Amino acid sequence: MNISVVIPLYNEEESINELVAWIAKVMYDNNFTYEIIIVDDGSTDGSWDEIRKLTEEYGSVRALRFRRNYGKSAALFCGFRESEGDVVFTLDADLQDSPDEIPAMYRMIVNDKFDLVSGWKKQRHDPITKTVPSKFYNWVGRKTTGIQLHDMNCGLKAYRHDVVKSIEVYGEMHRYIPVLAKQAGFGKIGEKIVQHRARKYGVTKFGIERFINGFLDLMSILFMTKFGKKPMHLFGTIGVFTFFIGFIAAIVVGAYKLIALSHGIVAPLVTSSPYFYLALTCMILGTQLFLTGFLGELISRNSTDRNNYQIKEEIG
């Protein structure tokens, strides 16, 4: 099978019929063998009834339905698990992603040997309250991860089959799937400028909290990427450095007291100096950070995926 199309969906009963018909036309025109996997993320409208009709009308359509709303990451994870195509596409169900982009992105995966191709909505039909924060987070993402994508959270993406089978999308990490792919060893990541269409039906399902969650998720994934299996390298380093500063400060405070006494000068009590308490605080924090790293190492070494390495090829 050439292509799997995974569509996470939540309350999109007006658009899903049009989207599936559009995808089917593109596949037919390009002679692709394909499947469409729709994951209903606990919709409360008539989306599932429409999906049921589509599975009867199109033999290539399969569907999953969650008991409640778990989020886009959960929907993508289950869709990836069910996919069988050589190239896996993801599209949002709101008709803002154009299926006409599929053939070109497919060729980038198959002919140009990209592992992942992300869409770039260079011209967006969104309010400034979405475009400005999005540009900021994408800039931060490029600087911190080294992945040069202008629209990391674009719903329209193409993946080599091995990629979706090697990553685990959880929480709200769908925003940073390229980072997960790079962490799994798939480094050839590209992008293509794609058409962004104005929303035709309904309203966006994401509120202002998506920006706060996006920042927190970025911090989480950066930590897991760099220090997930070696937490002592982070906490231990900071802890030793903090303890060392406190230890030196304590020596300076004590030395000042001893020097004053050796010269017959009445010096104040060590405990009356604010530097003594700053030194003590640094030493306590340093010890706690070091122990945090130590406990993190114990947990990491007992993790079930501590030796979960991806093998690309094997000979003999």
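Since we're looking at a predicted model, the values are computed, not measured. (Residues numbered from 1 in each chain as written. Predicted model: local features only at pLDDT ≥ 70, side-chain atom pairs only at ≥ 80, totals over all residues. Heavy atoms only, no water.)

Colleague: Mind laying out the environment of F276, listing which residues take part and the relevant values?
Modeller: Note that F276 resides in helix 10 (residues 274–301). Taking the relative accessible area as the measure of exposure, F276 reaches 24% and is therefore partly exposed. In the structure, F276 is positioned 29 residues away from F247 in sequence and 10.0 Å away in space, judged by C-alpha atoms. Those residues within four positions of F276 in sequence are excluded, and the remaining contacts are V253, V270 and T271. (Helix = DSSP H or I, 4+ residues; strand = E, 2+ residues; numbered from the N terminus. Buried < 20%, exposed > 50% of the residue type's maximum accessible area, 1.4 Å probe, protein only. Contact = heavy atoms within 4.5 Å.)

Colleague: Tell me about the environment of K230, and name the residues and values.
Modeller: Assignment of secondary structure puts K230 in the loop between helix 8 (209–227) and helix 9 (231–262). On the basis of relative accessibility, which here comes to 38%, the residue K230 falls in the partly exposed class. Through-space distance from the C-alpha of K230 to that of G293 is 8.4 Å; in sequence the pair is 63 residues apart.

Colleague: Provide a residue-level description of the sheet that holds strand 5 (residues 116–120), including the pertinent values.
Modeller: To summarise the sheet geometry, strands pair through backbone hydrogen bonds and adopt either a parallel or an antiparallel arrangement. With mixed pairing, the 7 strands of this open sheet are ordered in space as 3-2-1-4-6-5-7. Both edges of this open sheet fall to strand 3 (61–65) and strand 7 (189–193), since each of them pairs with a single strand only. Here the strands of the sheet are splayed against their neighbours by 20° on average, with no regard to which way each runs. Two strands pair when backbone bridges link them, and strand 5 and strand 6 (residues 157–160) are joined in this way by 3 bridges, in the antiparallel orientation. Across the sheet, the residue bridging to V117 is A158, located in strand 6. (Pairing = 2+ DSSP bridges. Axes fitted to C-alpha atoms, helices over the stretch in contact; angles between N-to-C directions.)

Colleague: Can you tell me about empty space enclosed by the protein, naming the residues and giving the values?
Modeller: Summed over all chains, the structure comprises 1 cavity of 30 Å³ or more. In this structure, the largest cavity encloses a volume near 60 Å³. Lining the largest cavity, in full, are K72, L76, T90, N153, C154, G155, K157, Y159, H174 and I177. Elements represented by at least two residues in the lining of the largest cavity include exactly helix 3 (72–82) and strand 6. For the lining of the largest cavity, the per-class residue count stands at 4 nonpolar, 4 polar and 2 charged. (1 Å grid on protein atoms, 1.4 Å probe; cavity = no way out; pocket = protein on both sides within 12 Å on 5 of 7 lines; lining within 4 Å. Points joined across faces, edges and corners; volume = space filled by probe spheres on them. Nonpolar A, V, L, I, M, F, W, Y, C, P; charged D, E, K, R; others polar.)

Colleague: Got a sec to walk through the confidence of the model for the chain? Specific residues and values, please.
Modeller: Model confidence for the chain is summarised by a mean pLDDT of 85, while 87% of its residues fall at 70 or above. Within the chain, strand 4 (residues 87–90) carries the highest mean pLDDT (97), whereas helix 8 carries the lowest (68). (pLDDT = per-residue confidence, 0-100.)

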